[in-house]
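Analysis of the macromolecular model
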Amino acid sequence: MGHISDIFGIGKDSGSLLRDIAAIRKKTRGDRNRLLSEIEFNAALILEHCLKMGADEAKVIARLKLENLTRLIDEGFDFSTVRKGTVHETMVKDVPVLRNYAGIDLEGFLKRIRFHLDQLKLLPDLYDIKKTDKVNVRVRLENLGRRYVLLIRFLKEP
């Protein structure tokens, strides 16, 4: 993934991003807290364990959580109670893989993350991800990591 600072500037690393989401989560209760806890867990798993420390990709994928996100989407949860507004173009202008996130609200953002999580979870069943060259699991995890970095930044912005 290179460095997280490539996306958000000097001084940002996975630890500071995880502290940011933890601080946001601590101010919530109920469904919002469960959603933010799941986001925090997945972000830590990808950014810290996988991309920073090199944890086994298949094990990381197996542990990614999406139960609360799926339930809230299916139940029609009002995601604007977590964060109103949309992703500003300035947040993604220098990151081509994220440009299509400009202008979407939290619900749309999380639906895209859910799609990517569902797709990632299929890979170990469909391919021998340690041997195949048909699918680059590392790049997919890096891209998901970028999405989580953008999501945390979006949640933190006023």
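The text that follows walks through the structure, step by step, so that each part is easy to find. These numbers were taken from a predicted model, which means no experiment stands behind them.

In terms of regular secondary structure, the chain is built from 8 helices and 0 strands. Element order for the chain, N to C, with α for helix and β for strand: α-α-α-α-α-α-α-α. Computed over the C-alpha atoms, the radius of gyration of the chain is 15 Å, within 12% of the 15 Å expected from 2.2 N^0.38 for a compact globule of 158 residues. Projected onto its principal axes, the C-alpha positions of the chain cover 45 × 40 × 25 Å. Out of the 158 residues belonging to the chain, those deemed buried represent 46%. Counting only contacts in the chain whose residues sit at least 6 apart along the sequence, the fraction spanning at least 24 positions is 70%.

It is worth spelling out the packing of helix α2 (residues 14–25) against helix α3 (residues 30–52) at this point. A packed helix pair is summarised by two numbers, namely the angle formed by the two axes and the spacing between the axes. Where α2 contacts α3, the axes come no closer than 9 Å and their chain directions differ by 170°. With respect to each other, α2 and α3 are oriented roughly antiparallel. Between α2, through Ser14, Gly15, Leu18, Ile21, Ala22, Ile24 and Arg25, and α3, the contact on the second element is made entirely by Asn33, Leu36, Ser37, Ile39, Glu40, Ala43, Ala44, Leu47, Glu48 and Lys52. Grouping the constituent residues of the contact of α2 with α3 by class yields 9 nonpolar, 4 polar and 4 charged.

This part is about the packing of aromatic side chains. Under the counting rule described, the total for this entry stands at 3 aromatic pairs. Between Tyr101 and Phe109, the ring centres sit 4.8 Å apart and the planes meet at 50°, which makes this aromatic pair tilted. Taking the relative accessible area as the measure of exposure, Tyr101 reaches 2% and is therefore buried. Aromatic side chains Phe109 and Phe154 sit 6.5 Å apart centroid to centroid with 20° between the ring planes, which places their arrangement in the stacked category. Here the residue Phe109 occupies a position in helix α7 (residues 106–126), and Phe154 occupies one in helix α8 (residues 137–156), the gap between them amounting to 45 residues.

This part covers the nonpolar core. Side chains of nonpolar character tend, in soluble globular proteins, to be buried together. The biggest cluster of nonpolar side chains holds 48 residues, and the ones touching the most others in it are Tyr148 and Leu151. Broken down by secondary-structure element, the contributors of at least two residues to this core are α2, α3, α4 (57–63), α5 (67–75), α6 (89–92), α7 and α8. Here Leu151 is in contact with Ile39, Leu106, Phe109, Leu110 and Ile113, once residues within four sequence places are set aside.

Below, the discussion takes up the side chain of Arg147. By secondary structure assignment, the location of Arg147 is in helix α8. Although Arg147 is buried, it forms no salt bridge, and the closest oppositely charged side chain is Glu142 at an N-O distance of 10 Å. Look past the residues within four positions of Arg147 in its chain and what remains in contact with it is Leu98, Tyr101, Phe109, Ile113 and His116.

Note on helix geometry: an α-helix contains 3.6 residues per turn, so any two residues three or four positions apart are oriented the same way. In this model, α3 (23 residues) spans 31 Å end to end at C-alpha, consistent with the 33 Å of a helix rising 1.5 Å per residue. In the segment just after α3, Gly54 is the residue with positive phi, at about 75°.

What follows is about the pattern of salt bridges. Applying the stated criterion across every chain yields a total of 13 salt bridges. Lys130 serves as the salt-bridge partner of Asp56, at 2.1 Å between the closest nitrogen and oxygen. Taken together, the positions of Asp56 in the loop between α3 and α4 and Lys130 in the loop between α7 and α8 put the pair 74 residues apart, joining distant regions of the chain. Classification of Lys130 by relative accessible area gives exposed; the value is 60%. With its nearest N and O atoms 3.3 Å apart, the salt bridge here joins Asp74 to Arg114. On the criterion of sequence distance, the pair formed by Asp74 in helix α5 and Arg114 in helix α7 is long-range, its members being 40 residues apart.

Cut-off values and rules
- Residues numbered from 1 in each chain as written.
- Predicted model: local features only at pLDDT ≥ 70, side-chain atom pairs only at ≥ 80, totals over all residues.
- Heavy atoms only, no water.
- Helix = DSSP H or I, 4+ residues; strand = E, 2+ residues; numbered from the N terminus.
- Rg over C-alpha atoms; globule rule 2.2 N^0.38 Å.
- Buried < 20%, exposed > 50% of the residue type's maximum accessible area, 1.4 Å probe, protein only.
- Contact = heavy atoms within 4.5 Å.
- Axes fitted to C-alpha atoms, helices over the stretch in contact; angles between N-to-C directions.
- Parallel < 35°, antiparallel > 145°, perpendicular 65-115°, else oblique.
- Nonpolar A, V, L, I, M, F, W, Y, C, P; charged D, E, K, R; others polar.
- Phe/Tyr/Trp six-rings, centres within 6.5 Å; stacked < 30°, edge-to-face > 60°.
- Core = buried A, V, L, I, M, F, W, Y, C linked by side-chain atoms within 4.5 Å.
- Lys, Arg positive; Asp, Glu negative; His and termini not counted.
- Salt bridge = Lys/Arg side-chain N within 4 Å of Asp/Glu carboxyl O.
- Expected span 1.5 Å × (residues − 1).

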